[in-house]
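# Descriptive structure summary
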Amino acid sequence: MSEFRADLHCHSTYSDGSLSPQELLRLAKSHALKGLSITDHDTIEAYASAIPAAQEIGIELISGVEFSAMHHQVSVHILGYAFALNHPALHQLCLRHKQRREDRNQAILEKLAAHGMPVTKEDIEDCLSSLLPHEKCTIGRPHIAQVLVKKRYVETVYEAFGKYLGEGKPCYARGDPFTVEETINVIHQAQGLAIIAHPHLIKDSQTIYHLLGMNFDGLEGYYALFAQNQIERWLKIGKKKNWLITGGSDFHGDIKPSIPLGCSWVGEETFRRLQDLHKANNLI
Ligand code: AMP
Ligand code: ZN
Ligand code: FE
Ligand code: FE
């Protein structure tokens, strides 16, 4: 028997990944992963097609999402797992995010135009995969960055973020974000677990201190291609708090080609714990 591995962090075409849920599941199977959670930004739309596909392909799937939140001026990503997929509070938060993103993307487009780089909504829609209805997808800066490349304003997505779209850069807009506390609350209302995503990327120590005092259930200890010495601190903190330690690749496909699916993962014990909760909440 090969080792049980489950990747609990990846993105589909419903947010800024380049593979559809079915393609993601097939790739997971070919990488010998046993379990997966698809954690699109601010949407759970992938699950309508992912659930039947997972059964057919033979991958164990648990509900997941990656919510964007803000703690004071600092951006924080929060993973939700094993929640009830039909919970109204969760759907409501996803809808509110959709509205927030529409307003915020408009603000970004206005800033880009003011910097001599006009981009229309149609440019963005053209650039998106024709696979999915746009109204169901989370559209964000990675899509805008791809248009900037296509229109030859920049050469790469990384350059687009580095020069214009990254936090604090001239064409960045924050939008009207949700707080960490209200995001945790909604995940808990839907009976899920709220996990601090990639804590290694949070540089502000005051923010870390505040987050560690909040009502989280765990942290993402294993992440992307980080080396053991980069993750050790977080594994220690998670253990000390008796929190669940999760892990995943943050695979996005072509958008971040250096990160392969399954490069970070959790073992069977952690996965089963989440899966039991997922099954209880989704009656399957
Ligand atoms: P948004 O949700 O619209 O704020 O976009 C956030 C997403 O953009 C992240 O989850 C990453 O996938 C991507 N992203 C953020 N910073 C960068 C960067 N410097 N280079 C490439 N992609 C990035
Ligand atoms: Zn992303
Ligand atoms: Fe993230
Ligand atoms: Fe992510």
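To be clear, the structure that these remarks concern was listed above.
Numbering of residues begins from 1 in every chain and follows the order in which that chain's sequence is written. Naming scheme: in the order in which they are written, chains are lettered from A and ligands are numbered from 1. pLDDT decides what is reported in this predicted model: residues at 70 or higher carry local features, side-chain atom pairs at 80 or more are listed and counted, and totals for whole chains, interfaces and linings draw on all residues regardless. With hydrogens and water set aside, each side-chain value is computed from the structure's full complement of heavy atoms.

## Structural notes on the overall build of the protein chain
- Helices and strands together make up the secondary structure of the protein chain, namely 10 helices and 8 strands.
- Between the two quantities, the radius of gyration covers C-alpha atoms and the globule rule is 2.2 Å times the number of residues to the power 0.38. Taking 284 residues into account, the globule formula puts the C-alpha radius of gyration at 19 Å, and the protein chain, at 18 Å, falls close to it.
- In terms of overall dimensions, the protein chain has C-alpha extents of about 55 × 45 × 40 Å along its principal axes.
- The long-range share in the protein chain, meaning contacts at least 24 apart out of those at least 6 apart in sequence, stands at 71%. Secondary structure is summarised from DSSP: a helix means a run of H or I of at least four residues, a strand means a run of E of at least two, and numbering begins at the N terminus for each. The contact criterion used is simple: two residues touch if any of their non-hydrogen atoms lie within 4.5 Å.

## A short note on the coordination of the iron ion (ligand 3)
- The iron ion (ligand 3) binds to the protein through Glu-66 (OE), His-77 (ND1) and His-198 (NE2), with metal-donor distances spanning 2.0 to 2.2 Å.
- Water is absent from the atoms considered, so a metal site may look incomplete; donors are defined as N, O and S atoms within 2.8 Å of the metal, or 3.2 Å for Na, K and Ca. For the iron ion (ligand 3), all donor residues lie on one chain, and their spacing in sequence is E-x10-H-x120-H.
- Between the iron ion (ligand 3) and the zinc ion (ligand 2), a separation of 5.9 Å is found. Of this pair, Glu-66 sits in strand β4 (residues 64-71) while His-77 sits in strand β5 (residues 74-81); the two residues are 11 residues apart in sequence, bridging distant segments of the chain.

## What to know about the packing of helix α1 (residues 21-30) against helix α2 (residues 47-57)
- Axis definition: a line fitted to C-alpha atoms, limited for helices to the stretch in contact. Angles are taken between N-to-C directions and run from 0 to 180 degrees. Running from N to C, α1 and α2 point in directions that differ by 30°, and their axes come no closer than 9 Å. Classified by the interaxial angle, the pair formed by α1 and α2 is roughly parallel. For the crossing formed where α1 meets α2, the hand is right-handed. For the pair formed by α1 and α2, the contact residues are Pro-21, Gln-22, Leu-25, Arg-26 and Lys-29 on the first element and Ser-49, Ala-50, Ala-53, Ala-54 and Ile-57 on the second.
- Residue composition of the contact of α1 with α2, by class: 6 nonpolar, 2 polar and 2 charged. Note that the term roughly parallel is reserved for angles under 35 degrees, roughly antiparallel for angles over 145, roughly perpendicular for angles of 65 to 115, and oblique for everything else. Here a crossing is taken to be left-handed if its near helix is turned anticlockwise relative to the far helix by less than a right angle, and right-handed if that turn runs clockwise. As a working rule, the residues Ala, Val, Leu, Ile, Met, Phe, Trp, Tyr, Cys and Pro are called nonpolar, Asp, Glu, Lys and Arg charged, and the rest polar, with Gly in that last group.

## Topic: the sheet that holds strand β1 (residues 6-7)
- When DSSP finds two or more bridges between two strands, those strands count as paired. Strand order in this open sheet of 3 strands is β1-β2-β3, and the pairing throughout is parallel. Every interior strand has two partners, whereas the edge strands, β1 and β3 (60-61), have only one.
- Relative to strand β2 (residues 35-36), β1 runs parallel, the two sharing 2 bridges. Looking at β2, one finds that Asp-7 is bridged to Leu-36.

## Re unusual backbone geometry
- A positive phi angle, close to 60°, is found at Asp-42, a residue other than glycine.
- Within the element layout of this structure, Asp-42 appears in the loop between β2 and α2.
- Backbone geometry places His-72, a non-glycine residue, at a positive phi of 50°.
- Within the secondary structure, His-72 sits in the loop between β4 and β5.

## Here's the deal with the site of ligand 1
- In the vicinity of ligand 1, the residues found are Asp-16, His-41, His-77, Arg-101, Arg-104, Gly-140, Arg-141, Pro-142, Tyr-158, Phe-161, His-252 and Lys-256.
- Within 3.5 Å is the distance limit for a polar contact, defined as a pair of N or O atoms, with the added protein rule that one can donate a hydrogen and the other accept it, and that residues adjacent in sequence qualify only through two side-chain atoms. Separating an oxygen atom of ligand 1 from a backbone N or O atom of Arg-141 is a distance of 2.8 Å.
- Starting from 500 Å² of accessible surface for ligand 1 in isolation, the protein chains cover 79%.
- Definitions used for this entry: grid spacing 1 Å over protein atoms alone; cavity, a set of points where a 1.4 Å probe fits but cannot get out; pocket, an open set with protein on both sides within 12 Å along at least 5 of 7 lines; lining residue, one with an atom within 4 Å of a point. In this description, a molecule resides in a pocket or cavity if more than half of its atoms sit within 2 Å of the grid points defining it. Placement of ligand 1 is best described as lying within the largest pocket.
- Put simply, the parts of the chain that give the shell around ligand 1 at least two residues each are α3 (88-114), α5 (141-150) and α6 (157-165). Being near a molecule or strand, for a residue, comes down to having at least one heavy atom within 4 Å of it. We get accessible surface area from the Shrake-Rupley algorithm with a probe of 1.4 Å; when it comes to residues, only the shown protein chains can shield them.

## Things to note about the sheet that holds strand β6 (residues 193-196)
- Taken in spatial order, the 5 strands of this open sheet run β4-β5-β6-β7-β8, and their pairing is mixed. A single partner strand is all that each edge strand has here, and the edge strands are β4 and β8 (244-248). Neighbour to neighbour, the strand axes of the sheet diverge by 40° on average, direction disregarded.
- Pairing of β6 with strand β7 (residues 218-223) involves 2 bridges; the strand directions are parallel. Paired with Ile-196 across the two strands is Leu-219, which belongs to β7.

## Overview of the coordination of the zinc ion (ligand 2)
- Only Asp-16 (OD), Asp-16 (OD), His-41 (NE2) and His-252 (NE2) from the protein coordinate the zinc ion (ligand 2), and they sit 2.1 to 2.8 Å from it.
- Geometry assignment treats four donors as tetrahedral when all angles are between 85 and 135 degrees, treats four as square planar and six as octahedral when opposite donors are over 155 degrees apart and all others between 65 and 115, and treats everything else as irregular. Each of the 6 donor atoms bound to the zinc ion (ligand 2) contributes to angles spanning 50 to 149°, and the resulting shape is irregular.
- Mapped onto the sequence, the donors of the zinc ion (ligand 2) take the spacing D-x24-H-x210-H.

## Looking at the packing of aromatic side chains
- Aromatic pairs are defined between Phe, Tyr and Trp rings, using the six-membered ring for Trp, whenever the two ring centres lie within 6.5 Å; interplanar angles under 30 degrees are classed as stacked, those over 60 as edge-to-face, and all others as tilted. Taken as a whole, this structure holds 3 aromatic pairs when the rule is applied.
- Taking the centre distance of 5.5 Å and the plane angle of 45° together, the rings of Phe-4 and Phe-271 count as tilted. Residue Phe-4 is found in the segment before β1, and its partner Phe-271 is found in helix α10 (residues 268-282); the two are separated by 267 residues along the sequence.
- Where Phe-216 meets Trp-243, the ring centres are 6.2 Å apart and the plane angle is 65°; that geometry is what we call edge-to-face. Taken together, the positions of Phe-216 in the loop between α8 (205-212) and β7 and Trp-243 in the loop between α9 (228-240) and β8 put the pair 27 residues apart, joining distant regions of the chain. Across the pair, Trp-243 and Phe-216 agree in class, each one buried.
- Only when the NZ of Lys or the CZ of Arg is both within 6 Å of the ring centre and within 35 degrees of the ring normal is a charge said to sit over the ring. A cation over a ring is seen here: Arg-5 above Trp-265, with NZ or CZ 6.0 Å from the ring centre. Each residue's exposure class comes from its accessible area (1.4 Å probe, protein chains only) as a fraction of the maximum for that residue type: buried when under 20%, exposed when over 50%, partly exposed otherwise.

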